[in-house]
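# Observations on chain architecture
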Amino acid sequence: MSLLVPPAIGLVADARRLRGWLLRLGSLGAFVAFLGFFRAHARPALYLVTALFAFCRAPLIALADASTLAHVRHHGGSYGRIRLWGSLGFLVAVAGGGALVERAGIDILVALTAVALGLCAAAAFALPAPPPAERKGVVGAWLHLVAGGDWWIFFIAVVLAQMATVAYDSGFSLHLMHLGFGGRFIGAAWAIGVAVEIALFACSGWILERVSALRLFVGALATAAVRWTLLARVIASAAILCLQPLHSV
């Protein structure tokens, strides 16, 4: 879903000026679909609920990012200073989630996730959504973009970077559990990285004025490669926590 849905929904959003409306519908759909996890227990039902939830959730970040960039373009400010609020929510979730799992089990997190998705849908409906209107030339511009050879080099770099990121996001907590650490330590490890990420987002406008986005992109990938290589090898708690601030990069 993450591979197929965001480009298709993004193209529709641009061609019909539907970004705000699709953000609303996707947020509401993700909330409703997630409620299915409270009733789905058999494997086919879990597959169906997961597919529906993933379909609705997949384009939300792209739609929100595009809305943020449009706001900054028209009203000024910094993308990073808006984006840091997402990281703040992540920080609260991982810091409290680890302790909750140890104390009350995973069921409480599922319930709180449903509440958070409901609040997300309410916030999406509170955002402005201009009336739909056809925008000519969008599809042609999209086709011209994907036909460019240089863009495909960039796309491949993004694919490889995301493959690495997903491996970390999916496996880091499991890796720490395998090393014998509990939920509190795992939550703290995530929280340290995200806290530094928030600080970096806050000053990202200042950084981008002095360092090109290309150099930052290459530097971030190189830093991540070194960091993840070290995380795969160290086992001491202090060493793991000392590497976590590099998450911000």
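To start, this report covers the structure provided alongside it. (Residues numbered from 1 in each chain as written. Predicted model: local features only at pLDDT ≥ 70, side-chain atom pairs only at ≥ 80, totals over all residues. Heavy atoms only, no water.)

## Some thoughts on the packing of helix 8 (residues 149-178) against helix 11 (residues 213-231)
- Relative to each other, helix 8 and helix 11 sit at 30°, their axes nearing to 12 Å. Between helix 8 and helix 11, the angle falls in the class roughly parallel. When the axes of helix 8 and helix 11 are compared, the crossing they make is left-handed. For the pair helix 8 and helix 11, contact is made by Phe154, Ala157, Val158, Ala161, Ala164, Thr165, Tyr168, Phe172 and His175 and by Phe217, Leu221, Arg227, Trp228 and Leu231, respectively. (Axes fitted to C-alpha atoms, helices over the stretch in contact; angles between N-to-C directions. Helix = DSSP H or I, 4+ residues; strand = E, 2+ residues; numbered from the N terminus. Parallel < 35°, antiparallel > 145°, perpendicular 65-115°, else oblique. Left-handed = near helix turned anticlockwise from the far one by under 90°. Contact = heavy atoms within 4.5 Å.)

## Quick look at a nonpolar patch on the surface
- Together, Ile156, Val159, Leu160 and Met163 make up an exposed nonpolar region whose accessible area comes to about 400 Å².
- A relative accessible area of 45% places Val159 in the partly exposed class. (Patch = residues over 30% accessible without salt bridge, like charges linked within 9 Å, V, L, I, M, F, W, Y side chains within 5 Å. Areas by Shrake-Rupley, 256 points an atom, 1.4 Å probe, with all protein chains shown as cover. Salt bridge = Lys/Arg side-chain N within 4 Å of Asp/Glu carboxyl O. Buried < 20%, exposed > 50% of the residue type's maximum accessible area, 1.4 Å probe, protein only.)

## Some details on the layout of surface pockets
- Put simply, the second largest pocket is a space of about 160 Å³.
- What lines the second largest pocket is Ala164, Ala167, Tyr168, Gly171, Phe172, His175, Trp228, Leu231 and Ala232.
- For the lining of the second largest pocket, the elements supplying multiple residues, two or more each, are helix 8 and helix 11.
- Considering every element that reaches the lining of the second largest pocket, the biggest residue donor is helix 8, with six residues.
- Counted by class, the lining of the second largest pocket contains seven nonpolar, two polar and no charged residues. (1 Å grid on protein atoms, 1.4 Å probe; cavity = no way out; pocket = protein on both sides within 12 Å on 5 of 7 lines; lining within 4 Å. Points joined across faces, edges and corners; volume = space filled by probe spheres on them. Nonpolar A, V, L, I, M, F, W, Y, C, P; charged D, E, K, R; others polar.)

## Details of the pattern of salt bridges
- Under the counting rule described, the total for this entry stands at three salt bridges.
- Two residues, Arg16 and Glu134, come together in a salt bridge whose shortest N-O distance is 3.8 Å. Taken together, the residues Arg16 in helix 1 (residues 5-16) and Glu134 in the loop between helix 6 (107-126) and helix 7 (138-147) connect sequence positions 118 residues apart.
- The class of Arg16 is partly exposed, set by a relative accessible area of 43%.
- For Glu134, the salt bridge identified is with Lys136, shortest N-O distance 3.9 Å.
- Take Lys136: its relative accessible area is 75%, and that puts it in the exposed class.

## Concerning the environment of Gly180
- For Gly180, the location among the structural elements is in the loop between helix 8 and helix 9 (183-202).
- Put simply, Gly180 and Ala104 are 76 residues apart on the chain and 19 Å apart in space, counted from C-alpha to C-alpha.

## Some points on the side chain of Ser204
- Here Ser204 is to be found in helix 10 (residues 204-208).
- Apart from residues no more than four positions distant in its own chain, Ser204 is found in contact with Ser78 and Gly80.

## Topic: the packing of aromatic side chains
- In this structure the tally under the stated criterion is 14 aromatic pairs.
- Residues Phe34 and Phe37 carry aromatic rings whose centres are separated by 5.2 Å and whose planes lie at 70° to one another, so their mutual orientation is edge-to-face.
- One aromatic cluster in this structure is built from Phe90, Tyr168, Phe172, Trp190 and Trp228.
- Here Arg24 stacks its cationic end above the ring of Trp21, 4.8 Å away from the centre of that ring. (Phe/Tyr/Trp six-rings, centres within 6.5 Å; stacked < 30°, edge-to-face > 60°. Lys NZ or Arg CZ within 6 Å of the ring centre and 35° of its normal.)

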